[in-house]
Amino acid sequence: MSTATPAPLQRDASQPLAEQLAQRFAQRIRERLLLPGARLPSVRDCARQYAVSPHTVVAAYDQLQAAGLLEARRQRGFFVREQRAAPARPARAPQTGPRQAPVDATALIRGMLEADAARATGLGTLPTEWLDPALLQSALRRLREADEVALQLGYGDPCGDLRLREALAQRLGDLGVRAEPAQILTTHGATHALDLIIRTQLQAGDAVLVDDPGWGILYARLAQAGIKLLSVPRGAGGPDLDVLATLAARHQPRAYLTVSVLHNPTGHSLNLADAHRLLRLADEHDFFIVEDDSYGFLAPEHSPRLAALDGLRRVTYVSGFSKVLTPAWRVGYLAAAPERLSALTDTKLLDGLTSSPVLERAVALCLEQGGLRRHAQRLRERLAGARQQVLALAAAHDFRWASPPEGLFGWLDAGVDTERIAQPLLDQGWLIAPGALFSPTRRPGSLMRVNLATSRDPAFWRALRRVAQG
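Now for a quick tour of the structure. As the structure is a prediction and not an experimental result, all values here were calculated from the model.

What counts as what
- Residues numbered from 1 in each chain as written.
- Predicted model: local features only at pLDDT ≥ 70, side-chain atom pairs only at ≥ 80, totals over all residues.
- Heavy atoms only, no water.
- Axes fitted to C-alpha atoms, helices over the stretch in contact; angles between N-to-C directions.
- Helix = DSSP H or I, 4+ residues; strand = E, 2+ residues; numbered from the N terminus.
- Parallel < 35°, antiparallel > 145°, perpendicular 65-115°, else oblique.
- Left-handed = near helix turned anticlockwise from the far one by under 90°.
- Contact = heavy atoms within 4.5 Å.
- Nonpolar A, V, L, I, M, F, W, Y, C, P; charged D, E, K, R; others polar.
- Buried < 20%, exposed > 50% of the residue type's maximum accessible area, 1.4 Å probe, protein only.
- Pairing = 2+ DSSP bridges.
- Right-handed = clockwise from strand over helix to strand, strands pointing away.
- Phe/Tyr/Trp six-rings, centres within 6.5 Å; stacked < 30°, edge-to-face > 60°.
- Lys NZ or Arg CZ within 6 Å of the ring centre and 35° of its normal.
- Lys, Arg positive; Asp, Glu negative; His and termini not counted.
- Salt bridge = Lys/Arg side-chain N within 4 Å of Asp/Glu carboxyl O.
- Polar contact = N/O pair within 3.5 Å; in protein donor to acceptor, adjacent residues only side chain to side chain.

**What to know about the packing of helix α15 (residues 418-427) against helix α16 (residues 458-468)**
Close contact between α15 and α16 brings their axes to 10 Å; oriented N to C, the two are set at 130 degrees. On the basis of their axis angle, the class for α15 and α16 is oblique. The two elements α15 and α16 meet at a crossing, and its hand is right-handed. Every residue of α16 that contacts α15 at Ile-421, Pro-424 and Leu-425 is listed here: Ala-463, Leu-464 and Val-467. Among the residues making up the contact of α15 with α16, the classes are represented as six nonpolar, no polar and no charged.

**Quick notes on the pairing of strand β8 (residues 288-292)**
In terms of burial, β8 is a largely internal element, five of the five residues being buried. Of the two faces of β8, the one lined by Phe-288, Val-290 and Asp-292 and the one lined by Ile-289 and Glu-291 are each fully buried. Pairing of strand β7 (residues 255-258) with β8, which is carried by four bridges, proceeds in the parallel orientation. Looking across to β8, one finds that Thr-258 is bridged to Glu-291. With helix α10 (residues 272-285) bridging β7 and the parallel β8, this β-α-β connection has right-handed handedness. As paired strands, β8 and strand β9 (residues 315-320) are joined by four bridges and run parallel to one another.

**Digging into the packing of aromatic side chains**
Enumeration over the complete set of coordinates arrives at twelve aromatic pairs. When the ring of Tyr-61 is compared with that of Phe-78, the centres are 4.7 Å apart and the planes differ by 55 degrees; the resulting orientation is tilted. A residue pair is termed long-range when its members are at least 10 positions apart, and Tyr-61 in helix α3 (residues 54-66) and Phe-78 in strand β2 (residues 77-80) qualify at 17 residues. For the pair Tyr-61 and Phe-78, a shared accessibility class is recorded, and that class is buried. With 5.2 Å between their ring centres and 70 degrees between their planes, Phe-460 and Trp-461 make a pair best called edge-to-face. This pair shows no difference in class: Phe-460 is buried, exactly as Trp-461 is. Sitting over the face of the ring of Phe-25, Arg-28 holds its NZ or CZ atom 5.4 Å from the ring centroid. One cation-aromatic arrangement involves Arg-73 over Phe-79; the distance from NZ or CZ to the ring centre is 4.0 Å.

**Observations regarding the side chain of Arg-465**
Inspection of the secondary structure assignment puts Arg-465 in helix α16. With no salt bridge to any partner, buried Arg-465 finds its closest opposite charge in Asp-398, at an N-O distance of 5.0 Å. Here Asp-398 takes part through its backbone oxygen, which lies 3.5 Å from a polar atom of the side chain of Arg-465. Here Arg-465 is in contact with His-397, Asp-398 and Phe-399, once residues within four sequence places are set aside.

**Things to note about the pattern of salt bridges**
By the definition in use, this model includes 20 salt bridges. Ionic pairing is found between Arg-234 and Asp-211, a salt bridge with its closest N-O pair at 3.2 Å. A residue pair is termed long-range when its members are at least 10 positions apart, and Arg-234 in strand β5 (residues 228-235) and Asp-211 in strand β4 (residues 207-212) qualify at 23 residues. Classification of Arg-234 as buried rests on a relative accessible area of 5%. Assessed through its relative accessible area of 4%, Asp-211 is described here as buried. Among the ionic contacts, a cluster of salt bridges with common partners joins Asp-283, Asp-286, Asp-310, Arg-313 and Arg-314.

Below, the structure written as structure tokens:
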């Protein structure tokens, strides 16, 4: 049920209000729902949200600073402090209280795993009721047949289940990407494929081009590896290739990691002219391209892929199945030139030996029987209907889009700092994805990612309008 204010503090309790408020924020910090660098509400905003006096908020923030959880920055506000060691006497956390809005990639993942999907308007997954349990159950039943039992008794092929790689070669061929099964490596999801590429083909100090906005988890992985991020602005017209050319000439990047079809979060897809120019720039400046096609099953089948135009010469293609089959089946893959694949396979072996031959064969069965193709077509049709509903709701509440919504996402302009409104909306039961999550520098702004499949409730748009108006 939505409420206009956060869960109230207990005014008739023996514990002072300032201590209750401090414990509420302390809990969120310890649970890493409010991470180092996150900005807390201003004293005035916090007092208004919790219906307390500014003096109470100041006292609560003082307690958090004394516990080493918070720091004050002159003329900027209060921020969660980097924790090098656990506080000696942490404030005791209450058992209940509102969750904290996501402040970075890790928090967004936690939100995805914990949120009520019906109210998670900014996450990157489909509603569970849109998935096809019968398709999954059919594949699992087939695995119990005599000729499949042997799969469950060994490690499997380091390159991945051959039957799946043969089915993937057919899938790629339908997209115009010519790849033999020997050019395909299976992984524990598309994210694992990206991680293998980062760890195998890049090293600390390398410069890498990335989309801005883009996927926060990718930024975090690159930063953790000591990679220098070069931001390529991405808007309604796609990546700014003039900026990309300037950055490439100035910094000699090692790679460009991008989403060419149904870009996350803008929904944009590259046109043929831009795709050809991008490949020419890669040749001119000698960088390779990683094409993440995680949402490819939700795209029109004729959408051009860089890997198809390039022939897997400079492009490594990455995709997976969690977005359309089920997040529980962590099966992904990459397709690359043979000279790249050997080293990637070695990294996979060192990382975790092999991926699951059982799940990989189950995915192969879904592909072979045509069930996944039919399921994807149904999803595209449902998304088209959801998109029209969300467009109408946004227009009725006077919001505009920074890019025309496509696929699963819309890139909405809320007109106010979306990090600032994330907490009030979460207090009302709505989990959003502020635009700062999709910025390499966590730049604040008025944009936010909207999941078109989970944002069809008029109550969400009324709450967003009310909070945005202050």
